[in-house]
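# Structural overview
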Amino acid sequence: MRNLLTCCFTTDYQNTHSQGSKETMENPSASNANNSGSERSNGNINNSRDTVTSNILVNHDFSKGLDSWYPNCCEALVVSPEPGRNRVVITNRKEHWHGLEQDITGRVYPDSTYAVSARVGVLGNLQSSAVVIATLKLEFRDSPTRFVFIGKTSVSNEQLETLEGTFSLSTLPDRIVFYLEGPSPGVDLLIESVTISGPNNTRESDVTSTRCICAEDENMILNPRFEDGLNNWSGRGCNIVLHDSMGDGKIMPLSGKYFASATGRTQSWNGIQQEITGRVQRKLAYEVTAIVRIFGNNVTSAGVRATLWVQSPDSHNFKETPRWIGAISNFKNSGLSLTPRADKDWVQLQGKFLLNGSPSKVVVYLEGPPPGTDILLNSLVLKHAEKVPPSSPPVIENANYGINIITNSNLYDGTNGWFPLGNCMLSVGTGSPHILPPMARDSLGPHQPLSGRYILVTNRTQTWMGPAQMITDKLELYLTYQVSAWVRIGSGATGPQNVNVALGVDNQWVNGGQVEVNHDTWHEIGGSFRIEKKPAKVLVYVQGPASGVDFMLAGLQIFPVDRHARFKHLRRQTDKIRKRDVVLKFSGSDSSSLLGTFVKVRQTQNSFPFGSCINRTNIDNEDFVDFFAKHFNWAVFGNELKWYWTEPQQGNVNYRDADDLLNLCKSRNIETRGHCIFWEVEGTVQSWIKALNTNDLKTAVQNRLNSLLTRYKGKFKHYDVNNEMLHGSFYQDHLGKDIRANMFKTANQLDPTATLFVNDYHVEDGCDPRSSPEKYIQHILDLQEQGAPVGGIGIQGHIDSPVGSIVCSAMDKLGILGLPIWYTELDVSSTNEYVRADDLEVMLRETFAHPAVDGIMLWGFWELFMSRDNSHLVNAEGDINEAGKRYLALKQEWMSHAHGHIDEQGQFGFRGFQGTYAVEIVTASKKISKTFVVDKGESTLVVSIDL
């Protein structure tokens, strides 16, 4: 946990990429804000000041590196000329105003004089001295940005001088940034220390909005344990009461003397809250820890959530956004795990959040239980989140790749090693397949035949009954295990049955693979799993068919898979389908003398679509935008195009967030997918839509299509028309089977240029029989038979422990339809970032090497803005983790570079990935540069280059 300097914890810096000319430059004493500028959200300013001075800058001597400082359109590094002395070098400056800055909003008070002192210097090719300037940038919501000159000093090359000046603001703007600038472009700016000294502006009545957070007081929550009663706390739509005990003394504080209750709750969002405006900075990660429980209304289990409510200043209105931080769900007994009951015990709730933008108001609150249930809060801590040290690669001592850990898998020793789970009966029969199932064969290669014996399971009275083995001591942490078997159902079935290879890991169910089985046919079951925490007990068992249904199990294999073993094959496949032979044919007046001339070819962009999910709040973070624009060429919006976002209440249609995202993508030449027009899963449908009768629902669906596709005609390359139709049926249930095909038909009429996709999950991993490749194929064929112009197949790709042969098998099956496949929401998850990187590499290599795949979209990359924990590539505060590094390394691997000499035919040949290239030809008299594009194709591409 880092220690904070004695300063107010307030909204941080927002980088300005183009400062251009300064609109207004004023002297230090001038009034520099108009009447529309707001001072603070809590706004009570005391004009009487102490005489005690303090430095309002954070990390003034750079002892914490560049913490709280930001280079404006340039680069910065911290050096230490001697122990205990730090200096910042600002380099790669392209304009005189490029320099170093810090956001000091909330630390400056009107009508107070502040003294600035900085030790500064310059470094570069100077003919004389240079000038360094201290400046304030003042941003206003409804008027132009203004700049205030503070002071300047003249410095010689490699010498340090003291820059001094003062400023006073009569009225506060919305945002204040202090920065140092001045030297000519190309000259490095040196800074050793900076202070801005002013009066200690805090008074007791202002503590809720301007309280300083010191090293020994890192909690941003005021009165966190209610030692000062209910001061700083309020009810969110309900009452709050202070207690030293409840329930006739049966409920006592877990710690301290008091706790508070949120009572009289009539809505699930009612609870206890505290405003934290001005105490949290943008682009910093914070951790919330609360001790909570519930009381009353005869509720013995409920979820309690910590939520952040953010109000963002806007030129037209205020947008109020609740953001989920963390939750604790409390159950009596789920059958697999027993968690603390919030009606009997205090439980700890934890979560993290990060603010991308500069909000005008921030509130943290607790909510969740049903109306009438009290939320009890013993303490709440909100601190800057401690940075988690990078993971180390897991040490695997006994991998034994390809070795089956199942005892007596071939049943030569009867049922020895097996036992029945429940009171079912196990016996051995013959007549099962002798060959390995295809997915296992792809991983294991040549393998001895199976025995042809199977376990027959009879006398089943529960779905979970079946054959089982204990495998606790046979598993290695962080190894990925592949599961493979043949299964078949026997008598008693009235229709298809699901069969599941399951693991009980300390009584938690882990899915090892599922398949839907029809009578009288052997089916392959395949899946994978990984254990990342040392278990006390691991049980593998086969279950699933309805009670009374017999089933057969043959050749169960569970083996650690060497996922890297496929990479050599995948590289060859990638070279075959993603590269093309290219011949550069040179011509021109000097072509006869070009023999032996040196040629250098460099790929500048791979044209294959690599995209990511983005959200409106992300684009307020310039670091996020920078990474996104550099490393992705496609985008999809997480929520902002979904119907529940654009029309949460009937008739209240708002596309503003989608417009903002689309404008960003257009400005960066990034293509976009439209996700999604409809979502078939009932839980995602707005309540007002559910309340409509059939005719009104038809009208609402048509209005949605007209509104969305007319507004954005030609702007989205793809649309996911009706999301997750294999997992939901709301519109089909209410409007009939034809509605799905009609959605596609109408969308195509309104925007014929867009490719229309189906989109679903668990298609590629073998763990969900509802969305197996076979089911997906039949679903698409059914739509096409009804005339739906299905143009693409979306595989979401939310996958755990991926195994290449399983993923490839699904794509091979879907490929027979001849439609382009896109991975539309790819993410992988592991607590260890090296294992996460391996998972990601498996998925990227498999998909990039498959001829049916035309694009890959990640479902985000930035921590705290992912739908799954431990799936990010970039940590919350901008550090690229191992998974992110692996992604960037693969992107680099899939760029082609070549060099050599022009041959006798005036040509130079190479084989390269599809995309944009730059070629450089160096002759005795000149250097010539040209660009060209390698597009998709199997024949040799001849590029004529006229010199």
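Here the residue numbering is sequential within each chain, running from 1 through the sequence in written order. Local features in this predicted model are restricted to residues of pLDDT 70 or higher, and side-chain atom pairs are both shown and tallied only at a pLDDT of 80 or more, whereas totals for entire chains, interfaces and linings draw on every residue. Side-chain calculation: all heavy atoms of the structure are included, whereas hydrogens and water are not.

With that settled, consider helix α10 (residues 738-750). Helix length check: α10 (13 residues) gives 18 Å between terminal C-alpha atoms against 18 Å at 1.5 Å per residue, within 8%. In this structure, the buried side of α10 is in contact with β39 (671-679), α8 (694-711), β40 (718-723), α9 (730-735), β41 (755-760) and α11 (773-785). Helix and strand definitions here come from DSSP, where helices need a minimum of 4 consecutive H or I residues and strands a minimum of 2 consecutive E residues; each element is numbered from the N-terminal end. Here, expected helix span is obtained from the residue count minus one, scaled by 1.5 Å. In this description, contact between two residues means that some pair of their heavy atoms is separated by no more than 4.5 Å.

On to the pairing of strand β27 (residues 453-458). Here 6 bridges tie strand β26 (residues 425-430) to β27, and the two strands are oriented antiparallel to one another. Paired with Val428 across the bridge in β27 is Ile455. At least two bridges found by DSSP between two strands is the condition for calling them paired. Judged from the 3 bridges that link them, β27 and strand β34 (residues 551-560) form a sheet pairing that is antiparallel. Of the residues in β34, the one forming a bridge with Ile455 is Leu553.

This paragraph deals with the sheet that holds strand β33 (residues 538-543). The antiparallel open sheet is built from 5 strands, whose spatial order is β25-β28-β33-β30-β31. Since the sheet does not close on itself, it has two edges, and those belong to β25 (419-421) and β31 (508-517), each with one partner. Strand-to-strand, the axes of this sheet are offset by a mean angle of 25°, without reference to chain direction. Orientation is described by lines fitted to C-alpha atoms, with helices fitted over the stretch in contact, and by angles between N-to-C directions that extend from 0 to 180 degrees.

Tracing the backbone through its elements, the reader meets Ser268 in the loop between β17 (259-263) and β18 (271-275). The class of Ser268 is partly exposed, set by a relative accessible area of 32%. For the pair Ser268 and Thr373, spaced 105 residues apart in the sequence, the C-alpha separation amounts to 9.1 Å. In this view, Ser268 contacts Glu367, Gly368, Pro369 and Pro371; residues no more than four positions away in its chain are not counted. Residue burial is assigned from relative accessible area. The probe radius is 1.4 Å, only protein chains are included, and a residue is buried under 20% of its type maximum, exposed over 50%, and partly exposed in between.

With that settled, consider the sheet that holds strand β35 (residues 579-587). Strand order in the open sheet made by the 3 strands is β46-β35-β49, with mixed pairing throughout. Strand pairing shows two members of the sheet lacking a second neighbour, β46 (907-913) and β49 (941-946), which therefore form its edges. The average undirected angle you get between the axes of adjacent strands in this sheet is 30°. Bridging between β35 and β49 involves 6 bridges; their strand directions are parallel. Bridging from a neighbouring strand, Val582 pairs with Leu941 of β49. On the sheet, helix α3 (residues 567-578) packs against β35 and β46 and is oriented at approximately 50° with respect to β35.

Looking now at the pattern of salt bridges. Whenever a carboxyl oxygen of Asp or Glu lies within 4 Å of a side-chain nitrogen of Lys or Arg, that contact is scored as a salt bridge. In the structure shown here, the tally under the stated rule is 39 salt bridges. Between Asp935 and Arg580 there is a salt bridge, with its nearest N and O atoms 2.7 Å apart. In this pair, Asp935 sits in the loop between β48 (927-934) and β49 while Arg580 sits in strand β35, placing the two residues 355 residues apart along the sequence. Its salt-bridge partner being Asp581, residue Arg911 comes within 3.3 Å of it at the nearest N-O pair. Of the two residues, Arg911 is situated in strand β46 and Asp581 in strand β35; the sequence distance between them amounts to 330 residues. Arg911 gets classed as partly exposed once you look at its relative accessible area, which sits at 31%. In this structure Asp581 comes out as partly exposed when scored by relative accessible area, which is 36%. A single network of salt bridges, built from pairs that share partners, joins Arg571, Asp838, Glu841, Arg845, Glu882, Arg886 and Glu893.

A separate point is the packing of aromatic side chains. In this description, an aromatic ring pair is defined by two values, namely the gap between the centres and the angle between the planes. Each pair of aromatic rings taken from Phe, Tyr and Trp, with Trp reduced to its six-membered ring, is defined by centres within 6.5 Å and is described as stacked if the planes are under 30 degrees apart, edge-to-face if over 60, and tilted in the remaining cases. Under the defined criterion, the tally for this structure stands at 37 aromatic pairs. On the numbers, 5.3 Å between centres and 5° between planes, the contact of Tyr917 with Phe932 is stacked. Of the two residues, Tyr917 sits in strand β47 (residues 915-922) while Phe932 sits in strand β48, which places them 15 residues apart along the sequence. As far as burial versus exposure is concerned, Tyr917 and Phe932 are alike and both buried. Chaining the aromatic ring pairs together yields one cluster made of Phe624, Phe627, Phe628, Phe632, Phe861, Trp862 and Tyr887.

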